[in-house]
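Each chain, letter by letter, is given below.
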Amino acid sequence: MPSLLWDVFCTVVDNHGDIGVGWRFSQGLAARGQRVRLWVDDASALAWMAPEGDPDVQVRPWQGMPPTGLAPGDVLVETFGCDIPPDWVLAVAPRPGPWINLEYLSAESYVARMHRLPSPVLNGPLAGRTKHFFYPGFTPDTGGLLRETDLAARQVRFDRSAWLHRHADGWQGEPVHNLFCYEPAGLPAWLDRLRAPDQPPAHVLVAPGRAAAAVRQHLGPATQHGPLRLTWRPPCSQAEFDEGLWASDTNWVRGEDSLVRALWAGRPLVWHIYPQHDGAHHAKLAAFLDWLDAPPDLRSVHRCWNADTPQDMPAHDPMDWVATLARARERLLAQPDLVSQLLDFVAATAPH
Ligand code: TRH
């Protein structure tokens, strides 16, 4: 595929997933020889998420009126239905070309049905142009997941013990939980269980932001609580965030991007799904657990972790989930990644 200029649009709704996915996606394009303008309404999180930037990804402010005199781009990407105003479309893509609507990730069955469907614009200044839905997903009939070309090689080179000695304060070989969540109703009970005097030593790497605030609200700022040791993690780059997932025995992740990264880590994981007001996240979670072929105790733990009110978490040993997650990773590695699939799709739809 020749080097094209991609205009990727991203709105930060809340949390870090929108810009997190937008950045990984843009970098994935750049790694495959493409040039990207990433238009974002709030790029502040990139200061810690991607401090080194990327020479082939220009981060540009998406505010107000479009700048004049822009070089025309080749492909337009709207992430998560962020709805690019016509003025902007005409400024960056004066010639009609591929226009992709990159959607949210789900394991639900509608994804395969909707993936790649056209959505013609019927009215207004953009009438006659066509957007195409592009759905990430877990199965070969979807757009797949973001995955770097060198991911597996970096994982093989990774030195877990050295990483934990550097980043987990006072780590002495105890099992490590990586905690990146919202405010699960079951969090206080989970922490209380880990700190009970009869429990073996455990270490929790607490992600900054909402996870840290929720833990601090229950335990205060101290780092040692009986057998439980906490490390308050600072905000770090995506590369280091991923390494934390590779290093941990169990990854308690949330949202969209960290779930995918935990799947690549291939370690036991529990997902705190982004809650939607209409409760649609319950079906989304169930579909994911079905795809994962999750054993009953992993499903029960997910039910508790995602419940609106505290519920007793069943006895479980995350080590029992190792094979399930390893199999999931193998299945996913056998499928083409999202950026490669999108490049093929654009090559097939672009006017020749
Ligand atoms: O932050 P999130 O909860 O984002 C969510 C979800 O994507 C959700 O689907 C979306 O609708 C909502 O935002 C608006 O969780 P997520 O998706 O895992 O994104 C977190 C990103 O932050 C991910 O790219 C990893 C990155 N990160 C770092 O790079 N360093 C850090 O220190 C931390 C804590 C996160």
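Up top is the structure.
These figures come from a predicted structure and were not determined experimentally.

K.L.:
Explanation requested: the overall build of the chain in the structure shown.
P.N.:
The helix and strand tally for the chain stands at 14 helices and 13 strands. Relative to the globule expectation of 20 Å for 352 residues, the C-alpha radius of gyration of the chain, 21 Å, shows essentially globular dimensions. Along the three orthogonal principal directions, the C-alpha set of the chain runs to about 70 × 40 × 35 Å. Here the chain holds 352 residues, and the buried ones make up 54% of them. Long-range pairs, those at least 24 residues apart, make up 68% of the contacts in the chain between residues at least 6 apart in sequence. Approximately 15400 Å² of the chain is accessible, and the part contributed by carbon and sulfur atoms is 55%. For the chain, the centre of its 30 positive side-chain charges and the centre of its 40 negative side-chain charges are spaced 3 Å apart.

K.L.:
Even after reading the chapter, I still don't get the nonpolar core, so can you show me in this structure?
P.N.:
Here is a general trend for soluble globular proteins: nonpolar side chains tend to be buried in one another's company. In this structure, Phe138, Leu179, Trp190, Val215, Leu263, Phe288 and Leu292 are the most contacted members of the largest nonpolar core, which totals 60 residues. Looking at this core element by element, the count peaks at six residues for helix α10 (residues 257-265). When residues of this core are assigned to domains, at least three fall in each of domain 1 (5-146 + 336-347) and domain 2 (151-333). Once residues within four sequence positions are removed from consideration, Leu263 is found in contact with Phe138, Leu269, Phe288, Trp291, Leu325, Ala328, Arg329 and Leu332. With 32 residues, the next largest nonpolar core counts Val36, Ala45, Ile100 and Val346 among its residues.

K.L.:
Even after reading the chapter, I still don't get the sheet that holds strand β13 (residues 269-272), so can you show me in this structure?
P.N.:
Two modes of strand pairing occur in sheets, parallel and antiparallel, and in both the strands are linked by backbone hydrogen bonds. If you trace the six strands from one edge of the open sheet to the other, you get β10-β11-β9-β8-β12-β13, paired in mixed fashion. The outermost strands of the open sheet, each flanked by one partner alone, are β10 (224-225) and β13. The sheet contact formed by strand β9 (residues 202-206) and strand β11 (residues 228-232) spans five bridges and is parallel. Bridge pairing in β11 links His203 to Arg229. Sitting on the sheet, helix α8 (residues 210-219) touches β8 (176-179), β9, β10, β11 and β12 (250-254), and the angle it makes with β11 is about 140°.

K.L.:
Help me understand the layout of surface pockets in this model?
P.N.:
One simple way to see leftover space: roll a probe sized like a water molecule over the atoms. If you add up the space inside the largest pocket, you get close to 920 Å³. What lines the largest pocket is a set of 47 residues, and nearest its centre among them are His16, Gly17, Arg254, Gly255 and Glu256. Of all elements in the fold, only α1 (17-31), α2 (46-49), β9, α9 (238-247) and α10 reach the threshold of two or more residues within the lining of the largest pocket. Across the lining of the largest pocket, the residue classes break down as 23 nonpolar, 13 polar and eleven charged.

The rules behind these values
Residues numbered from 1 in each chain as written. Predicted model: local features only at pLDDT ≥ 70, side-chain atom pairs only at ≥ 80, totals over all residues. Heavy atoms only, no water. Helix = DSSP H or I, 4+ residues; strand = E, 2+ residues; numbered from the N terminus. Rg over C-alpha atoms; globule rule 2.2 N^0.38 Å. Buried < 20%, exposed > 50% of the residue type's maximum accessible area, 1.4 Å probe, protein only. Contact = heavy atoms within 4.5 Å. Areas by Shrake-Rupley, 256 points an atom, 1.4 Å probe, with all protein chains shown as cover. Lys, Arg positive; Asp, Glu negative; His and termini not counted. Charge placed at Lys NZ, Arg CZ, Asp CG, Glu CD. Core = buried A, V, L, I, M, F, W, Y, C linked by side-chain atoms within 4.5 Å. Domains from an automatic or database assignment. Pairing = 2+ DSSP bridges. Axes fitted to C-alpha atoms, helices over the stretch in contact; angles between N-to-C directions. 1 Å grid on protein atoms, 1.4 Å probe; cavity = no way out; pocket = protein on both sides within 12 Å on 5 of 7 lines; lining within 4 Å. Points joined across faces, edges and corners; volume = space filled by probe spheres on them. Nonpolar A, V, L, I, M, F, W, Y, C, P; charged D, E, K, R; others polar.

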